[in-house]
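Chain and residue survey
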Amino acid sequence: MKKKIKVMAATVVVGVMTSAMGAAAATWGNYSANVPTFSDYETSTITKTTTGSAYNEVGYIEKDGKLVSWIEDASGSNISSKVSYSTTGRKTMDYTAASTWKDKKVRLNISTSPGTFEDIQTSGEWTPN
């Protein structure tokens, strides 16, 4: 009987840990965009589920393309640091008061860098968490 209780208790602990890990998992959104020269590209919104930083994982950027990305709230206000990129890779965008954005909808904004006078193709995935 004691062995059965220990097995049941261990099962409950693993189940609770798995649920907690699932609840904290980041939600990722994909994008494939033509970023216009004189305006921004905005993704659809995603609900931020943690108090961590946002990430933009750039999988493709057109040759010689230079872009800037940041996070905005649903009304269009900038709420993270801006990061510049001209190559693929992951960039971190830190929030101002990250914990205040948990459970709120935010979006990724991408713009051409100053001095870039043509539209730029890019693609990747991002998470607000």
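Residues numbered from 1 in each chain as written. Predicted model: local features only at pLDDT ≥ 70, side-chain atom pairs only at ≥ 80, totals over all residues. Heavy atoms only, no water.

What to know about the sheet that holds strand β1 (residues 29–35)
By definition, the strands of a sheet pair up through backbone hydrogen bonds, in either a parallel or an antiparallel sense. Condition: Whether two strands pair comes down to DSSP finding at least two bridges between them. Where helices and strands are cited, they refer to DSSP runs of H or I of at least four residues and of E of at least two residues respectively, numbered from the N terminus. Each axis is a line fitted through C-alpha atoms, and for a helix only the stretch in contact is used; angles between axes span 0 to 180 degrees, taken between their N-to-C directions.
Judged by pairing direction, the sheet is antiparallel, and its four strands sit side by side in the order β1-β9-β4-β7 without closing on themselves. The open sheet is flanked by β1 and β7 (89–93), the only strands paired with a single partner. Going across the sheet, the axis of each strand differs from the next one's by a mean of 30 degrees, ignoring polarity. By the bridge criterion, seven bridges tie β1 to strand β9 (residues 120–127) in an arrangement that is antiparallel. Across the sheet, residue G29 finds its bridge partner in β9, namely W126.

Looking at the pattern of salt bridges
Defined as follows: Salt bridges are identified by distance alone: a Lys or Arg side-chain nitrogen within 4 Å of an Asp or Glu carboxyl oxygen. Residue burial is assigned from relative accessible area. The probe radius is 1.4 Å, only protein chains are included, and a residue is buried under 20% of its type maximum, exposed over 50%, and partly exposed in between.
Under the counting rule described, the total for this entry stands at three salt bridges. For E42, the salt bridge is made with R107, and the minimal N-O distance between the two is 3.6 Å. Linking E42 in strand β2 (residues 41–42) with R107 in strand β8 (residues 105–112), this pair joins segments that are 65 residues apart in sequence. Accessibility expressed as a relative area gives 40% for E42, which makes it partly exposed. In this structure, the salt-bridge partner of R90 is E57, at a minimum N-O distance of 2.9 Å.

Details of the packing of aromatic side chains
Quick note on the threshold: The aromatic pairing rule takes the rings of Phe, Tyr and Trp, using the six-membered ring of Trp, and pairs them if the centres are within 6.5 Å, calling planes under 30 degrees apart stacked, those over 60 edge-to-face and the rest tilted. Think of it as a cone above the ring: NZ of Lys or CZ of Arg counts as a charge over the ring if it is within 6 Å of the ring centre and within 35 degrees of the ring normal.
In this structure the tally under the stated criterion is zero aromatic pairs. Taking the ring centre of W70 as reference, the NZ or CZ of K82 above it sits at 4.3 Å. Taking the ring centre of Y55 as reference, the NZ or CZ of R90 above it sits at 5.2 Å.

Notes on the pairing of β8
Across a regular strand the side chains alternate sides, sitting on one face of the sheet and then on the other. Across the eight residues of β8, seven count as buried, placing the element largely inside the fold. Of the strand pairs in this sheet, β2 and β8 are connected by two bridges, and their pairing is antiparallel. For E42, the partnering residue across the bridge sits in β8 and is N109. Bridge count for strand β3 (residues 46–47) against β8 is two bridges, and the pairing is antiparallel. In the sheet register, I46 faces β8, and the bridge partner there is V106. The sheet contact formed by strand β5 (residues 67–73) and β8 spans seven bridges and is antiparallel. What sits directly across from D73, in β8, is V106.

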